[in-house]
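# What the coordinates show
Next come the chains, spelled out residue by residue.
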Amino acid sequence: MSDAVQTQSNPNAGFTPRVFSGIQPTGNLHLGNYLGALKRFADAQNKGIESIYCMVDLHAITVWQDPADLARATRELCAGFIAAGVDPEKSILFNQSQVPEHTQMAWIFNCVARMGWMQRMTQFKDKAGKNAQNASLGLFAYPALMAADILVYHATHVPVGEDQKQHLELTRDIAIKFNHDYGVDFFPITEPVIEGAATRVMSFRDGTKKMSKSDPSDMSRINLTDDADAIAKKIRKAKTDPEPLPDSIEGLEDRPEARNLVNIYAALADLTPEQVIAEHAGQQFGTFKPSLADLAVAKLAPISTEMSRLMQDQGEIDNILRRGSDRARNIATPILQKTYDIAGMIRS
Ligand code: TRP
């Protein structure tokens, strides 16, 4: 991510580099969220770029959420961010619904985005399934709210997974159309910073599927709340093939499960997959898995301990979210106000 940020050039030359990303507080955090998002966010923050991270509770309710579960998942996500190394003093950490400028900006963007653009969104089609008539209007409008999340801060860089690429293209289209229609140069054209294959974590049961909180098998993933025994057991039982590790990375091409374990090792150890292969070439999984389990326990067990410590003090988490929301509003309020001015909304 840092490279993309540093080499950033036109068309956003006039905009201060600013990172924004959002995660939905639904279900449990797992290793895929940690390596693909939280750990990358913590690493980026330490490079000194202003970073804003949002728990998108308004996005979550585009499909039904039990209120108590939503509140718990929001606090748990906040605890996960902090336990993974995102410092709420350096970065801005908050939940979306406490900053009303997101939904205010979203309305403006609902009037910029075209029906045809929204109808092309593949995630809507996937999530709405066969019965699109019964999907919420919010689910359909979701990407315009996402554009508002980003542009209400004039964010220039958005780290996300591959599945969010189309939504970021829409965000760019909305910024371009707004700037063009009103004859201004007001919104930046945001750069996606797409997660690489090396941090994409796959299921322990099927190396061709992403690790997911909705997989019915708990053995398919490591939850960030798993203790050391559970972590080690899940790695020991992860699906593999009977071959030893190859002596070069090409040897992993048609071995998705082996590739996944090598990638996880690399991401946890801050090595490249090539370096991991160089160190472990020729090893059987009976040898490699215990090393991976030791590494995973060393890196992840402290996160799970810190999360449960934080979760015991709900008041402290709520304080962090409130302070983050105040700081977020300080940035968002003048940008929304200027947007209203541009659109001809009277401020009297
Ligand atoms: N749509 C994203 C997801 O499901 C979450 C999200 C909402 C987001 N708003 C955002 C991500 C803004 C990046 C920027 O993963």
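Keep in mind that this is a model prediction, so the values were computed, not measured. (Residues numbered from 1 in each chain as written. Predicted model: local features only at pLDDT ≥ 70, side-chain atom pairs only at ≥ 80, totals over all residues. Heavy atoms only, no water.)

### Section: the domain arrangement of the chain
Our working definition: As used throughout, domain bounds are those supplied by an automatic or database domain assignment. Only heavy atoms matter for contacts: two residues are in contact if any of them lie within 4.5 Å across the pair. The term buried area denotes the loss of accessible surface (1.4 Å probe radius) that occurs when two parts are joined, taken as the sum for both partners. Counted as salt bridges are all cases of a side-chain nitrogen of Lys or Arg within 4 Å of a carboxyl oxygen of Asp or Glu. Polar contact criterion, stated in full: a pair of N or O atoms within 3.5 Å, where within protein one must be able to donate a hydrogen and the other to accept it, and residues adjacent in sequence count only if both atoms are side-chain atoms. Where helices and strands are cited, they refer to DSSP runs of H or I of at least four residues and of E of at least two residues respectively, numbered from the N terminus. Following the grouping adopted for this structure description, the nonpolar residues are Ala, Val, Leu, Ile, Met, Phe, Trp, Tyr, Cys and Pro, the charged ones are Asp, Glu, Lys and Arg, and the polar ones are all others, Gly among them.
Segmenting the chain into domains produces domain 1 (2–198 + 313–343) and domain 2 (218–309). With centres defined by C-alpha atoms, the gap from domain 1 to domain 2 works out at 30 Å. Between domain 1 and domain 2, the contact holds 15 residues from the first and 16 residues from the second. Together, Leu31, Tyr34 and Ala83 form the three largest contributors to the area buried by domain 1 at its contact with domain 2, with a combined 36%. Viewed at the interface, domain 2 and domain 1 are joined by 1 salt bridge. Of the charged contacts in the structure, one is a salt bridge between Lys39 and Asp270, with a shortest N-O distance of 2.7 Å. Here domain 1 is connected to domain 2 by 3 residue pairs in polar contact (both at pLDDT 80 or more). Elements that contribute at least two residues to the side of domain 1 that touches domain 2 include exactly helix H2 (31–45) and helix H4 (67–83). Each residue belonging to the side of domain 1 that touches domain 2 can be placed in one class, and the counts come to 9 nonpolar, 3 polar and 3 charged.

### Section: the site of the ligand
Stated formally: Whether a residue is near a molecule or strand depends on its heavy atoms: it is near if one of them lies within 4 Å of it. Residue-level accessible areas treat just the shown protein chains as cover; the underlying method is Shrake-Rupley with a 1.4 Å probe.
Neighbouring the ligand are 13 residues, the closest being Gln24, Tyr142, Met146, Asp149 and Gln164. A distance of 2.7 Å separates a nitrogen atom of the ligand from a polar atom in the side chain of Tyr142. Contacts to the ligand include Gln164, whose side-chain N or O atom sits 2.9 Å from a nitrogen atom. Within the complex, 89% of the 360 Å² of free accessible area of the ligand lies under protein. Of all the secondary-structure elements, those providing two or more residues to the shell around the ligand are strand E1 (18–23), helix H8 (137–151) and strand E4 (157–160). For the shell around the ligand, the element with the highest residue contribution is H8, accounting for 4 residues. Classifying every residue of the shell around the ligand gives 7 nonpolar, 5 polar and 1 charged.

### Points about the pairing of strand E3 (residues 92–95)
Remark: a regular strand shows side chains that alternate across the two faces of the sheet. Note the cut-off: Buried means the residue's accessible area, taken with a 1.4 Å probe over protein chains only, is under 20% of the maximum for its type, while exposed means over 50%, and partly exposed covers the values in between. Note: two strands are recorded as paired if DSSP finds a minimum of 2 bridges between them.
Side-chain alternation along E3 places Ile92 and Phe94 on one buried face and Leu93 and Asn95 on a second face that is also buried. Bridging between strand E2 (residues 50–55) and E3 involves 4 bridges; their strand directions are parallel. When the sheet's bridge partners are listed, Tyr53 is paired in E3 with Leu93.

### Thoughts on the packing of aromatic side chains
Here is the rule we go by: Any Phe, Tyr or Trp ring, taking Trp's six-membered ring, that has another such ring centre within 6.5 Å forms a pair; planes under 30 degrees apart are called stacked, those over 60 apart edge-to-face, and the others tilted.
For the structure shown, the criterion picks out 12 aromatic pairs. Between Phe109 and Phe187 the ring centres are 5.5 Å apart and the planes differ by 75°, which places this aromatic pair in the edge-to-face class. Taken together, the residues span a long stretch of sequence, with Phe109 in helix H5 (residues 101–110) and Phe187 in the loop between helix H9 (165–182) and strand E5 (191–194) at a distance of 78 residues. Here Phe109 matches Phe187 in class, with each residue buried.

### Description of H8
Under the convention used in this document: Working rule for helices: expected span equals 1.5 Å times residues minus one. The angle between axes fitted to the seven residues ending at a residue and the seven residues starting there is what we call the bend at that residue.
For H8, built from 15 residues, the straight-helix expectation of 21 Å at 1.5 Å per residue is met to within 8% by its first-to-last C-alpha distance of 22 Å. Pro143 marks the point of greatest bend in H8, at about 45°. For H8, a buried count of 12 out of 15 residues is recorded, marking the element as mostly surrounded by other parts of the structure. Every buried residue of H8 is listed here: Leu139, Phe140, Tyr142, Pro143, Ala144, Leu145, Met146, Ala147, Ala148, Asp149, Ile150 and Leu151.

### So, the pattern of salt bridges
Two side chains bearing opposite charge may form a pair once their charged atoms approach each other closely. With the rule as written, the count across this model stands at 17 salt bridges. Put simply, Arg18 and Glu50 hold a salt bridge, and the shortest N to O gap is 2.8 Å. Within this pair, whereas Arg18 is found in strand E1, its partner Glu50 is found in strand E2, the two being separated by 32 residues in sequence. Asp341 is the salt-bridge partner of Arg347, the closest N and O atoms lying 2.5 Å from each other. The exposure class of Arg347 is exposed, given its relative accessible area of 53%. Several salt bridges converge on common partners, so that one network encompasses Asp218, Arg221, Asp226 and Lys234.

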